[in-house]
Every structure is written in C-alpha cells, then in structure tokens.
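# Structural overview
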Amino acid sequence: METINEFSIDEIEITKNVEKLFKELFPICRSITGNGVRKSLKILNHVTEFTVKEIPSKTQCYDWIIPDEWNITDAYIEDEEGKRIIDFQKNNLHVMNYSIPIDKWMSYEELKKHLHTLQNLPDAIPYRTTYYKRDWGFCLAFNDFCKLDKQKKYHAVINSSLELGSLTYGEYNIMGNSGKEFIFSSYCCHPSLANDNMSGMILWIILLKILKSLKLKHSYRFALVPETIGAIAYLAKNEEMMSKVDGGFVLTCVGGPSKFSYKETFLENCFIDKIVDESFKESNVDYIRYPFDINGSDESHFSAPYFRIPIGTICKDKYYEFDYYHTSLDNLNFIKSKSIVDTLKIYLKIISKLEKIEIIKNKDNFKIKKAKNKTLTSLNPFCEPMLSKRNLYPSTGGQIAQKAVNFSKNHHSREYEVDENNRHSGLMIDALSWLMFYADGINTIEDISKRSGLKKELLYKATKILVDHKLVLINE
Ligand code: ZN
C-alpha cells in the first residue's frame, strides 16, 4: 500500500467515473428519507463499498425525531383539457419535497396558495421542502406561472406516501493507529440539484475510494447523511466517538464553474484553516475566504458546544453565493467534472498535510467548562435545537438565504426580512442560532455580538426567547 505522499491520481479515469455518476445520480428524487436516498447510496456503493444504515421513524435523536418516510411515484397538475401543465416526471423539483398526497380539482385562486415561484429568476423552478409541516405544494418557473388561465379549474395530483419507515445513511471508518481522527461528511438529501449537492456526494465516494487504497496514520470517518436530521442522528449514534474527532470537512458544492472558496471553521484560525490555506497556496490556487457563519451545512452540528469539532468547507460556487442555488438551473449544464477533480486534488493535499500532524494543541479549549459570568449555557448542547417545532422557524425550507429570492441583498445582510416582532424573520433566526451555538459558558453576549455582527439589543431579545423555551440558562 502506498502512503498519500507517494500517491498520484489517474485524472482521466476519475473524470470518466465522475461523469458516469452525473448521469446516474442527477435524475433521482432524493429527500431526507425514502427510496431516492437508498437508490443513490446503492449507486455509490458500486464505486467503493461502505455501510448503509437505517434508523426507524420516530427515533428520538437529541432534540429531533426521525420523521415518517416519504416516497413519491408521480405528481402533476392538469387543466380542464387533461393537459399536464406541471409534470413531476419532467423535473422532480416541481413537487415541494415531502408533500402529502393530494388528488383534487380546484380553482386558480385555491391552487395559487400552493405554488412557489421565483420572480427574479423567471425561468427557474425553485427547490422547496416541507419536512416538518404536513403540507403540499408545486414549484414552477415564474414565466409558466404567468401563463396560467385564472378562469380555469385545475387538477392537482401528488402520488406520495408518508409512513413509518426509516432514515437511510452511509458510513465507513478507515482506521489508523495514531489516535487522531478526522471526519469527511456530505449530504444525500437534495433531489435533482447538481452543485448542491450531487457534486459533494460524488467527491465523497471518490475520496473514500482513494483513501481506502492508502496506508494512513490517522483515522478517517466518512458519513453520507441527509442534511441536518441525518447529521444529528449520526452524532446521536456515535456520540462518544464523535466527541474525540479532531477536525473535518463537509463536502458540498464542489462542481461549480467559478473560483474556489473556503468557509472557515468556527475557530477561524485553527490547524484546519491553516492547512487549507497552505494547500491552496502550494497549489497556486487563488480562493475566496468566507468567515464562519452559523448558516450553512452540517458544520453547525458537528461543531455544536458538546462536540466542538472544527469543520471547514471548500467550495466551487458555495451555497447561498451562486445565483442558481436551490433552483432547477443548478443542473448538469452548470457543473463541471473538472471542478470536482480539482477539488479532489486540493483535498488530497490537505490530507497529506493532516497525516504529518503529530500533536493538536489546545484541543479541548472550546468545550464547555465551568461557566463564566454573563454567558449562556445550552440545555441542548449536542446540535442545533429544532426551532420549527417551537414555531421559531419557517415551515417551508429551501428559501433561507437563497440569492434568487432577493438579488439586491446578500445573505449577510438579511434586513429585508426584519420584523423583530415576527420571530420568523431572517435576522431573529440568525440571532437564535448564533446564541445557541455559542451558549458554551465561555462566550458572553458581547463576544457573540462581535462574532455574529448582530446587535446586542437583538441578541438580548433572542436570549429571552431561548430562556422562555428552556433552551439556555443565563449564567449571572
Ligand atoms: Zn441545499
């Protein structure tokens, strides 16, 4: 077996594999549970073997519960002439993910309440979800929405099921003997969306295949989970082992055409951040550096107060930042196999540097200790608490920080959503999330204000909400 320093990749062969996976994986309607995920993991299992696990519906995982399993066979809207004007078979984004079954004729006005469009990207179908609220909906291009005849009646049909089943995820542990361990995770819950996150799933399996063939000192834990609920379930199942993990990466959005970028770990300048920077520099690759942000992927769970694993994310066209994010224009025309191979090369460089690490300093500095005054202590330190069951989070997913909802603002300034009496406003959700993340007995409200860029007044209001919901304690 070779070590990673002697190792070189066959780019032509890998590119061929990536492109084959594009064709196989892209059309599948995935979700946080169901046969789409199983089918996708089966395809990936042909590249290299890993373990597929199932967690039954209704299993409690910290503050969350595994939902009923969702499956769908068909969905459409037809007009009075029997013409299908929206067809799930043409694009699975047309159905709001997790929609309940429906078979009903209705007026334009009634139908309209269940339609989702993006006026700013009028040819794109938006991606929307309703995981935790029983609802149904269709998503369509704004231009097609404008063509609907307001006088007509429409037949909405969704052949879906929501039943007791399970949540499916994949994992593989490469065991080294140094006592150090790193995690590489990605998510497998998005339907036909190419960059976010079919690209991440493909990089995950190719990286796993390569690492399995090498002689490595450290241990590497690979997890391919449905985003949020799957990561939280994974932490709950592997709590003891995960509390010892030294660092890691979330593989997401690695196929876009633009410049490389890197989202820092919550520690901002730890060994992971430094190794990433060195790897880019030595590869002569220029990149955009994004500060840690509470909004993102599963790093907020892996880095939650109890675990505090520093997690970095390298992207080519990061979620939130590209115009086509969470729309049908994030398709096979948007991504490139070369981008995935180029990201793979950066990750291999990073892993070769990780392999040289002997000691990781100040490892436990950021874990909860004896609480300081004027800090908060989380009563749910294992992951982000479930805000939607407390009516603190919008029930329709997919639109948070989506650029195409409002091109004139970036997600770092979501003031357009602000109504501080309305707890569903973007800024209040941000405040709740930042506070929960830093409710570690170490950071004061002042510190959290600096880290998040949010005003102290807003953070005090949000603290009151968290105290009322018994999510934090104030240390005075
Ligand atoms: Zn996404």
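So, how was this worked out
Residues numbered from 1 in each chain as written. Predicted model: local features only at pLDDT ≥ 70, side-chain atom pairs only at ≥ 80, totals over all residues. Heavy atoms only, no water. Pairing = 2+ DSSP bridges. Helix = DSSP H or I, 4+ residues; strand = E, 2+ residues; numbered from the N terminus. Axes fitted to C-alpha atoms, helices over the stretch in contact; angles between N-to-C directions. Salt bridge = Lys/Arg side-chain N within 4 Å of Asp/Glu carboxyl O. Buried < 20%, exposed > 50% of the residue type's maximum accessible area, 1.4 Å probe, protein only. Core = buried A, V, L, I, M, F, W, Y, C linked by side-chain atoms within 4.5 Å. Domains from an automatic or database assignment. Contact = heavy atoms within 4.5 Å. Buried area = accessible area lost by both parts, 1.4 Å probe. Expected span 1.5 Å × (residues − 1).

Here we have four strands laid out as an open sheet, ordered β5-β4-β9-β6, and antiparallel in their pairing. Where the open sheet ends on each side, the last strands, each with one partner, are β5 (84-87) and β6 (102-107). Neighbouring strand axes in the sheet, compared pairwise and without regard to direction, differ in orientation by 20° on average. As paired elements, β6 and strand β9 (residues 153-163) share six bridges and run antiparallel to each other. The partner of S107 across the bridge, within β9, is K153.

As a further point, take the pattern of salt bridges. Taken as a whole and judged by the stated rule, the model has 31 salt bridges. One salt bridge in this structure joins K389 and D63, with 3.1 Å as the shortest N-O distance. Of the two residues, K389 sits in the loop between β17 (375-378) and α11 (426-437) while D63 sits in the loop between β2 (60-61) and β3 (64-65), which places them 326 residues apart along the sequence. Residues E81 and K152 are paired through a salt bridge, measuring 2.9 Å at the closest nitrogen-oxygen approach. With E81 in the loop between β4 (69-78) and β5 and K152 in the loop between α4 (142-146) and β9, this pair connects stretches of sequence that are 71 residues apart. Classification of E81 as exposed rests on a relative accessible area of 57%. The class of K152 is partly exposed, set by a relative accessible area of 21%. By sharing partners, the salt bridges in this structure join E11, K338, D342 and K345 into a single network.

Of all hydrophobic cores here, the largest spans 70 residues; its most connected members are L211 and Y220. Tallying contributions element by element places helix α5 (residues 194-212) first for this core, with 12 residues. Two domains each donate at least three residues to this core, and these are domain 1 (4-65 + 167-364) and domain 3 (368-475). Among residues more than four places away in sequence, those in contact with Y220 are Y172, N173, I174, F182, F184, L211, I351, L354 and E355.

Now for the domain arrangement of the protein chain. Looking at the protein chain, the domain boundaries give domain 1 (4-65 + 167-364), domain 2 (69-162) and domain 3 (368-475). Taking only C-alpha atoms, the centre of domain 1 and the centre of domain 3 are 25 Å apart. Across the contact, 28 residues belong to domain 1 and 30 residues belong to domain 3. For the domain 1 and domain 3 pair, buried surface summed over both sides reaches about 2600 Å², with 55% attributable to carbon and sulfur atoms.

With that settled, consider the sheet that holds β17. Reading across the sheet, the three strands line up as β18-β17-β19 and stay open at both edges, with antiparallel pairing between neighbours. Edge strands, defined here as strands with exactly one partner in the open sheet, are β18 (440-444) and β19 (472-475). If you compare each strand with its neighbour and ignore which way they point, the axes differ by 30° on average. Here β17 runs beside β19; their pairing, made up of four bridges, is antiparallel.

Given 3.6 residues per turn, any residue in an α-helix points the same way as the ones three and four places further on. Between its first and last C-alpha, α11 extends 16 Å over 12 residues, near the 16 Å set by a 1.5 Å rise per residue. Within α11, 12 of the 12 residues are buried, which leaves it mostly tucked inside the rest of the structure. On its buried face, α11 is in contact with α9 (299-302), β17, α12 (445-452), α13 (456-468) and β19.

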